[in-house]
Amino acid sequence: MIELAKELYPINRSITGEGIEKSFAIFKRIHPEFNVLSFQTGEKVFDWQVPNVWNIKDAYIEHESGKRFCEFTTNNLHVVGYSEPINTVISKQELLEHLHWREDLPSAIPYITSYYKRTWGFCISHEEFEKMPDGKYHCFIDSSLSNGKMNLIEAILPGKSSEEIFFSSYLCHPSMANNELSGPVVLSEILEYIKSIPKRFYTYRFVLVPETIGSIAYLSRRLNSLKDHVIAGYNLSCVGDERRFTHLQSRSGNTLADQALAAAIKNKDRVVTKSFSFRGSDERQYNAPGIDLPVCGFSRSKYGDYPEYHTSLDDFNVVTQKGLQGSLDVMKDIIDAFETGIYPVIKVLTEPQLGKRGLYPNLSNSTASVEDSRLINDLSIRMDVTAHSDGKTTIFSIADLAECSLRKILEEVSILSTANLVTCSHTKKEIINT
């Protein structure tokens, strides 16, 4: 994942244009299952319109002395996204209206865009800004805005059931590692993991889109199918650091997706749960009134909640392989739960006799073995699993009731299944004692 992120990092991306198309091609190289969905410039998608295609070749600010600032070839964050072409000489005072920096992060180049209002501008670190002398400046942006297509990519891996688990992320920002690339590379590895499951029960849907306009366009094309089939979904954003785990709840806050994610990150170091009031990525569109998909957001440090966000400091000092792997493991636990069957059912009446199956510690010994000690520690959780395996209570709820991780519940369910005490169903069952 980290190597894929580093391959993608230098590419200048926006919601349209050569950069995002080159990035999509990399994901299609890895996963031929991805197909392209195209939307024409000016095409109406709900209340929005697909914008012009933006491309850029070069940009810089040059002082009359010949010294250059904000060179696009040095860092693609130096140019305001979707800047119209400009070739003019202006005073420093006039330039200030088109220049952006952050005094609170003096070494950082901020990330600024203007997709739907024609303008131009440059971004600079405050440290560099303070070195800019008075005088005239030649402002040059070699860009174009033209009619064309906005694309996104979609992959569907069918299973036995037509019910779907949905994963979405965005791929439309330039060189920022956590905000931009962590979601897509984790999504790519989730897709690889799903392909390794030989007999999938659920169908899995994956999309990579330009943020906001891309998810809106996707919904305009796929809404009926999504509403008919998706039972849980996740918008992956900023999942590459090691600082925390963040559950951004769906609008209702209690979908199957919410329950699964809450269980999967339970008991991890520094878990943060935020209500839908703190939304900001494509979960806004998936949860919009009338759309109402069971989708929540998953992040490590959520967008806007870490200091490097939307700046040039969002690099591989923030994103690590360990951070990416931690996010992947959370999603794998959720997938494993769904594929196992989220409704465990006990196969005996009354509390099962665990001792005769070697599942209860041998308390008669005055000195417990290591294995007995492990069983003692697991016993409370094991008994909680059997007590709640009524075919109507999900694995996720059992994790909450037992106050342990989803992975631990899955391990216990596996042990009990091997002992022929529990079976798991993918649908809720009514248990009738006869």
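In the block above lies the structure referred to throughout.
Residues numbered from 1 in each chain as written. Predicted model: local features only at pLDDT ≥ 70, side-chain atom pairs only at ≥ 80, totals over all residues. Heavy atoms only, no water.

Engineer: Describe helix H12 (residues 406–418), listing the residues and the values that go with them.
Structural biologist: Between its first and last C-alpha atoms H12 spans 18 Å; for 13 residues at 1.5 Å apiece the expected length is 18 Å, and the two agree. Those residues of H12 not exposed but buried are Leu406, Lys408, Ile409, Leu410, Glu412, Val413 and Leu416. Following H12 by one or two positions, Asn420 has its phi on the positive side, about 60°. (Helix = DSSP H or I, 4+ residues; strand = E, 2+ residues; numbered from the N terminus. Expected span 1.5 Å × (residues − 1). Buried < 20%, exposed > 50% of the residue type's maximum accessible area, 1.4 Å probe, protein only.)

Engineer: Tell me about the side chain of Lys408, and name the residues and values.
Structural biologist: By the secondary structure assignment, Lys408 is in helix H12. Each residue touching Lys408, except ones within four places of it in the same chain, is listed here: Asp378 and Ile381. (Contact = heavy atoms within 4.5 Å.)

Engineer: Give me the lowdown on the state of the cysteines, citing residues and values where you can.
Structural biologist: As used in these notes, a disulfide is a covalent bond between sulfur atoms, one from each of two cysteines. A full pass over the atoms with the stated rule returns zero disulfides. Counting only cysteine sulfurs, Cys123 is the nearest neighbor of Cys70, a cysteine outside any disulfide, at a range of 7.5 Å. Overall, Cys70 belongs to the buried group, its relative accessible area being 4%. (Disulfide = S-S within 2.5 Å.)

Engineer: Let's hear about the pattern of salt bridges: which residues, and what values?
Structural biologist: On inspection of all chains with the given rule, the structure shows 21 salt bridges. With its nearest N and O atoms 2.7 Å apart, the salt bridge here joins Arg102 to Asp104. Here Arg102 falls in the partly exposed class, since its relative accessible area comes to 25%. With relative accessibility at 53%, the residue Asp104 sits in the exposed group. Lys274 is the partner of Asp305 in a salt bridge, and the nearest nitrogen-oxygen pair spans 3.6 Å. One end of the pair, Asp305, is in the loop between strand E16 (295–299) and helix H9 (321–340); the other, Lys274, is in strand E15 (residues 271–274), and 31 residues separate them in sequence. For Asp305, a relative accessible area of 33% puts it in the partly exposed group. Take Lys274: its relative accessible area is 16%, and that puts it in the buried class. A single network of salt bridges, built from pairs that share partners, joins Glu154, Glu164, Arg205 and Arg222. (Salt bridge = Lys/Arg side-chain N within 4 Å of Asp/Glu carboxyl O.)

Engineer: Run through the environment of Ala263, naming residues and quoting values.
Structural biologist: Position of Ala263 among the secondary structure elements: in helix H7 (residues 256–265). For Ala263, a relative accessible area of 3% puts it in the buried group. In sequence terms Ala263 and Phe396 are 133 residues apart; their C-alpha atoms lie 5.4 Å from each other. Contact partners of Ala263, with chain neighbours within four places excluded, come to Phe396, Ala399, Ser405 and Leu406.

Engineer: Explain unusual backbone geometry to me, and be specific about the residues and the numbers.
Structural biologist: The phi dihedral of His310 falls on the positive side, at around 55°, and the residue is not glycine. Turning to its location among the elements, His310 is positioned in the loop between E16 and H9. Within the chain, Thr350 stands out as a residue other than glycine whose phi angle is a positive 65°. Within the element layout of this structure, Thr350 appears in the loop between strand E17 (343–346) and helix H10 (370–388). Taking relative accessible area as the criterion, Thr350 reaches 69% and is therefore assigned exposed.

Engineer: Explain the packing of H7 against helix H11 (residues 395–402) to me, using residue names and the numbers behind them.
Structural biologist: Between H7 and H11, the shortest axis-to-axis distance is 8 Å and the interhelical angle comes to 45°. One way to sum up the angle between H7 and H11 is to call them oblique. Like other packed secondary-structure pairs, H7 and H11 cross with a definite hand, here left-handed. On H11, the residues touching Leu256, Gln259, Ala260 and Ala263 of H7 are Phe396, Ser397 and Ala399. Its residues assigned to classes, the contact of H7 with H11 comprises five nonpolar, two polar and no charged. (Axes fitted to C-alpha atoms, helices over the stretch in contact; angles between N-to-C directions. Parallel < 35°, antiparallel > 145°, perpendicular 65-115°, else oblique. Left-handed = near helix turned anticlockwise from the far one by under 90°. Nonpolar A, V, L, I, M, F, W, Y, C, P; charged D, E, K, R; others polar.)

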